[in-house]
Amino acid sequence: MTTPPYPEDPEQPAYPQDLEQSAYPQDLEQSAYPQDLEQPGLVRTGRSTFVRPIRPEDADRLVAFVGGLSRATLAYRSLGPVIRARDDVIRRGAYVDYLNELALVALAGDELAGLVRYVRDADDPDHAEVTFTIRDDDQSEGFGRLLLEHIAAAARARGIRVLKADVLADNTRMINVFLGSGYRVESGPPGQIVHFDIAVDPQAQAVARAERREHTAVRRSLRPLLEPRSVAVIGANRSPLTIGHEIVANLLRGGFRGSVFPVNPRAEQVAGARAYPSVRELPEPPDLALIAVRAEAVPEVVRECAAAGVKAVVVVSTGFGETGAAGRTTELELSRFARASGMRLVGPNCMGVVNTTPAARLAATFSPALPTPGRVAMSSQSGPLGLAVLDLARRLRLGFSGFVSVGHAVDVSTNDLLQWWEEDPETSVILLHVETFGNPRRFARIARRVAPRKPIIAVHPGHAGHAGHAQTTGQVDSGRRGGSGGRGDSTGAGHADPSGPSDSAVSSLFAQSGVIRTRSLQELFDAALLLAHQPPPPGNRVAVITNAGGPAALTVGACAASGLSVPPLGERTREKLRAALGPGAEAANPADLTPMATAAHYRQALDAVLADDGIDAAIVLFMPPLADKPDEVAAAILDAAEAAPAKPVVASFLGGAGVADLLHRGELVVPTYAFPESAAASLGHAAAYQAWRSTPAGVVPDLPGVDTDRARSLLAGCAPGPVSPRLAAELLDSYGIAVRDTEPGSGPGSLPSSGLGSGPGSGLDAFLSVGADPVFGPVVAFGLTGDYADLMADVAHRVTPLSDRDAREMVRSLRAAPLLDGRVGGPGVDLAALEETVLRISAMVEDLPEIEAMELRPIRLLPPGDGVAVTRATIRLADETRKGGPS
């Protein structure tokens, strides 16, 4: 067969299952449309798109799509001579059953830019033929890689393990897509046609490569939003103190280096800048457009922006998801249209975007308080709260490199912004105000990558209604396991949702990701002040320097409550203090310098404690009624801090808060707090963060003795609801966990007794359970049975998948941990076997999404070397297997 003259490496694979094999509409038994497969996407260049399953109403689009393909592209699809199909045959391709045949399309406006389709092999139902077709003009942008990730996730959720493809040997670009995907790929012998078998199990390499591709694409897509060359403000009012007017005024006052285009058909100028009647009449397509018009006019304005070539829009307008179901539908349609049109969208119901870095100097917001330049960036999900945040930051003199109010986050999300600030050289600390989650697993992956280099501090209100007994015991309500939608980081209307994730799940996600969780905005800013201006402490040992005993006692108590210690000082340090303060001085920790202390005393005391190898940080208290010359004391504190840059110094100075003038010298800042308790709490957060950062990163291990195929075959055909004890035991045995029922004959499928004792010295009893959090999916709970969990709520939670580090920290985080490691009450238990059991449970629920809930109770914890014994297990299957796109 002669190879036709193709363009250079077009991104087109073979199409061995031609459209003629698609069923006629009247012959098709169609499953429900899989709404969960609708996902926004970004190609390699940063261009936005929207990926969704094909629908019958796409038939005309499909005809136009195929009709626009070149002969070379068609030849690649058909593996040889070009045969033009009739339009009625092509239309059949829009009808799929979404299970045995599934097609996903990537949209460019109202047209199809790419199509991927699988057809399940009837003789080998865990295999499917897959074909890709990309529009000629879009063949160099990376649609193939994007669609492969989406179709692989969809196929995996539908029980398909291997995608099969045939590719012409000279189609090197598509071959590179397969080989570079990170999935396990096997290819046939060299020839004119190369056969590929692609295993769609999510290998670590595939995830890593997808993350790198996504990271590059996200940053490119956000550049027009955060570093635009020109900005249009649509709805720019002539009257001061209106939203549109103040956005224009702030852009001009902030020193934006590009062009500012107010859009108002009834004005010649706004805030001194020439106004234009519409986006279509601007002298150039703006990178960024801010929309401040009535809610009902927003959809048409967004369409005009797309037609004009705008790359990013910020919808400041209100009146969407917060008003009810109709508004929610409108904002989701806005998001889909924007992504399909190649635009990123912030909002709606937000207050804008700020980027103070020299490359941008962008103040695209109506806030009356603009932040000073600094090293802190923040994402906020609440527009009104953002106003208070910027005002507080200015009063505390906490400088910002960037601030984005994401509002309802229907597109641009916290996850996207984390990836922008990850590589921003002007950002050192990232703050998050998070009310709702959309894709917590993606958040966890990104945060784990960012947090070791830049601290992430989050404030989340929590949901008290989900922190009760059900979560404590690990027995959660039935319901579908949570996944991710297509709307960024918000699942509600931009406000806290009482049906959201449990508080324990939120805390677990943050702990596993290295995110510092705070409970209030004040606590958030207190921690940010420290980490923006001082290094995190190398340990948790604190010295307290004071001129008053009462505040020092409060500080010691606050340190203990924050996980810090106030240890005795070394003998050499005490000698230095006695020499500085006189033989009658008490050289202890806290070091009370007495009300007569001078600046020299403060300097000598700080130098001494910061030089002590047993001290990691210092809190300095200065009470003005008991001393004068605060400027000299402040200079002494700064001098001592500058001389010991590896250890943080914080202060409670003159009752002030923030960056005080007296404690600020060039780049050197010693943050001060109104009360010493706040200083201690901030140091506690910083010390915990440093401890997390210093611990080797965990890995999700490959566990021996796991037979996933056997487990899947056991579940085949099972009805929803509880499974029999025998089936539960067999499923666990497939993952290397033996179950021994201690009450033979107690129910169907009961197993022989293990003969375990129950008296003193025979071991502790524990439980492991898995429940379906409505947002985060599977959450593992662990605790000791009895009063430990029931009365003291001593239960640890982690969100799957668990790494070896997660399992280790989970087991050791209980207040009853001294009983487990042998510090109290005996030799302890076999912690290695316990941690391995935790990891096996995590792997099991990750591999088998049919499992909605599971409990192993009791688990007998035996002495070191003797393992653990699971004596009872219950498993419940969900009504419907979780299905979803890439996570």
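Parameters at a glance
Residues numbered from 1 in each chain as written. Predicted model: local features only at pLDDT ≥ 70, side-chain atom pairs only at ≥ 80, totals over all residues. Heavy atoms only, no water. Helix = DSSP H or I, 4+ residues; strand = E, 2+ residues; numbered from the N terminus. Areas by Shrake-Rupley, 256 points an atom, 1.4 Å probe, with all protein chains shown as cover. Buried < 20%, exposed > 50% of the residue type's maximum accessible area, 1.4 Å probe, protein only. Contact = heavy atoms within 4.5 Å. Salt bridge = Lys/Arg side-chain N within 4 Å of Asp/Glu carboxyl O. 1 Å grid on protein atoms, 1.4 Å probe; cavity = no way out; pocket = protein on both sides within 12 Å on 5 of 7 lines; lining within 4 Å. Points joined across faces, edges and corners; volume = space filled by probe spheres on them. Pairing = 2+ DSSP bridges. Axes fitted to C-alpha atoms, helices over the stretch in contact; angles between N-to-C directions. Parallel < 35°, antiparallel > 145°, perpendicular 65-115°, else oblique. Left-handed = near helix turned anticlockwise from the far one by under 90°. Nonpolar A, V, L, I, M, F, W, Y, C, P; charged D, E, K, R; others polar. Polar contact = N/O pair within 3.5 Å; in protein donor to acceptor, adjacent residues only side chain to side chain. Phe/Tyr/Trp six-rings, centres within 6.5 Å; stacked < 30°, edge-to-face > 60°. Lys NZ or Arg CZ within 6 Å of the ring centre and 35° of its normal.

A. Region of the structure containing the overall build of the protein. From N to C terminus, the protein includes 26 helices and 35 strands. For the protein, the accessible area works out to roughly 34000 Å², and carbon and sulfur atoms hold 52% of it.

B. Fine view of helix 8 (residues 298-308). The set of residues buried in helix 8 consists of V298, P299, V301, V302, E304, C305 and A308. In this structure, the buried side of helix 8 is in contact with strand 9 (230-234), strand 13 (288-291), strand 14 (312-315) and helix 9 (325-340). Two residues or fewer after helix 8 comes G309, characterised by a positive phi angle close to 90°.

C. Representation of helix 2 (residues 71-78) within the structure. Counting buried positions along helix 2 gives six out of eight residues, so the element sits mostly inside the fold. Among the residues of helix 2, A72, T73, L74, A75, Y76 and R77 are the ones counted as buried. Looking one or two places after helix 2, you find L79, whose phi comes out positive at around 60°.

D. Molecular detail of the pattern of salt bridges. According to the stated counting rule, one finds 57 salt bridges in the structure shown. Residue D411 pairs with R344 through a salt bridge whose shortest N-O separation is 3.1 Å. Residue D411 is found in the loop between strand 19 (400-405) and helix 11 (414-422), and its partner R344 is found in strand 15 (residues 344-346); the two are separated by 67 residues along the sequence. For R344, a relative accessible area of 2% puts it in the buried group. A salt bridge links E836 to R840; its shortest N-O distance comes to 2.9 Å. Here the residue E836 and the residue R840 both occupy positions in helix 26 (residues 831-847), the gap between them amounting to four residues, near one helical turn. Judged by its relative accessible area of 37%, E836 is partly exposed. Residues participating in the shared-partner salt-bridge network are E214, R339, R344, D411, D416 and R442.

E. Broad picture of the layout of surface pockets. One number sums up the size of the second largest pocket: a volume of about 940 Å³. Forming the walls of the second largest pocket are 38 residues, and the residues nearest its centre are S507, A511, V515, R517 and A688. Those elements that place two or more of their residues in the lining of the second largest pocket are helix 13 (469-473), helix 14 (503-513), strand 22 (516-518), helix 16 (549-561), helix 20 (676-694), strand 32 (795-799) and helix 24 (804-812).

F. Summary view of the sheet that holds strand 17 (residues 362-365). A sheet is described by the order of its strands in space; here seven strands give the open sequence 17-16-19-18-20-21-22, paired in mixed fashion. Each edge of the open sheet is held by one strand with a lone partner, namely strand 17 and strand 22. Going across the sheet, the axis of each strand differs from the next one's by a mean of 20°, ignoring polarity. In terms of strand pairing, strand 20 (residues 429-433) meets strand 21 (residues 456-459) through four bridges, oriented parallel.

G. Highlighting the packing of helix 10 (residues 383-396) against helix 15 (residues 521-533). The geometry of helix 10 relative to helix 15 is characterised by a closest axis approach of 12 Å and an angle of 40° between their N-to-C directions. Here helix 15 runs oblique to helix 10, going by the angle between their axes. Handedness of the helix 10/helix 15 crossing: right-handed. Across the interface between the two elements, L385, V389, L392, A393 and L396 from helix 10 touch L521, F525 and L529 from helix 15.

H. Structural detail: the environment of Y735. One can find Y735 in the loop between helix 22 (725-734) and strand 30 (764-773). Y735 gets classed as buried once you look at its relative accessible area, which sits at 0%. Residues Y735 and R710, spaced 25 residues apart in sequence, show a C-alpha to C-alpha distance of 9.5 Å. Ignoring anything within four residues of it in the chain, the contact list for Y735 reads G705, V706, T708, A711, R840, A843, M844, D847 and L848.

I. Structural context of the packing of helix 8 against helix 9. Remark: helix 8 packs on helix 9, axes separated minimally by 11 Å, with the N-to-C direction vectors making an angle of 5°. Considering the angle they form, helix 8 stands roughly parallel to helix 9. Along the contact surface, helix 8 presents V298, P299, V302, R303 and A306, while helix 9 presents T330, L334 and F337. Partitioning the contact of helix 8 with helix 9 into residue classes produces six nonpolar, one polar and one charged.

J. Highlighting the sheet that holds strand 2 (residues 48-53). Read from one edge to the other, the open sheet built from eight strands follows the order 1-2-3-4-5-6-8-7, with strand pairing classed as mixed. Of all strands in the sheet, those with a lone pairing partner are strand 1 (39-42) and strand 7 (184-187), marking the two edges. When strand polarity is set aside, the average angle formed by the axes of neighbouring strands in this sheet is 25°. Direction of pairing for strand 4 (residues 111-120) relative to strand 5 (residues 127-134): antiparallel, over a ladder of seven bridges. Note that in strand 5 the partner of V116 across the bridge is F132. Lying over the sheet, helix 4 (residues 143-157) contacts strand 1, strand 2, strand 3 (101-108), strand 4, strand 5 and strand 6 (162-168), oriented at roughly 155° with respect to strand 5.

K. Spotlight on the environment of N349. Within the fold, N349 resides in the loop between strand 15 and strand 16 (352-355). N349 gets classed as buried once you look at its relative accessible area, which sits at 14%. A distance of 3.2 Å separates polar atoms of two side chains, one belonging to N349 and the other to H408.

L. Up close: the environment of F776. Topologically, F776 is positioned in the loop between strand 30 and strand 31 (777-784). The sequence separation of F776 and N439 amounts to 337 residues, and the corresponding C-alpha distance is 7.9 Å.

M. Structural context of the pairing of strand 23 (residues 542-546). Here strand 23 lies mainly inside the structure; five of its five residues are buried. The pairing of strand 23 with strand 25 (residues 617-622) spans four bridges and is parallel. Looking at the pairing, I545 lines up with V620 of strand 25. Pairing between strand 23 and strand 24 (residues 591-592): two bridges, direction parallel. Each bridged residue has a counterpart across the sheet, and for I545 the counterpart in strand 24 is A591.

N. Looking closely at unusual backbone geometry. Along the chain, T800 connects to P801 via a cis peptide bond; the corresponding omega equals 0°. If you trace the backbone, P801 turns up in the loop between strand 32 and helix 24. In the segment running from R857 into P858, the intervening peptide bond is cis, with an omega of 0°. Residue position: P858 is located in strand 33 (residues 851-861). Of note in the backbone geometry, A271 takes a positive phi value of approximately 55° without being a glycine. Inspection of the secondary structure puts A271 in the loop between strand 11 (269-270) and strand 12 (273-274). A positive phi angle, near 60°, is found at N349, a position not held by glycine.

O. Inspection of the packing of aromatic side chains at higher detail. As enumerated under the stated definition, the model contains eight aromatic pairs in all. Taking the centre distance of 6.0 Å and the plane angle of 65° together, the rings of F443 and F510 count as edge-to-face. Of this pair, F443 sits in helix 12 (residues 440-450) while F510 sits in helix 14; the two residues are 67 residues apart in sequence, bridging distant segments of the chain. There is no split in this pair, since F443 and F510 are both buried. Here the aromatic rings of F622 and F653 are separated by 4.9 Å at their centres, their planes lie at 25°, and the arrangement is stacked. Here F622, found in strand 25, pairs with F653, found in strand 26 (residues 649-653); they are 31 residues apart in sequence, far enough to count as distant. Looking at F622, the relative accessible area reads 1%, which means it is buried. Through successive ring pairs, a cluster of aromatic residues spans F132, F178 and F196. Sitting above the plane of the W420 ring, R219 keeps its charged end 4.6 Å from the centroid. Above the plane of the ring of F767 lies R857, whose end atom (NZ or CZ) is 4.4 Å from the centre.

None of the figures reported here should be taken as evidence of function without further support.
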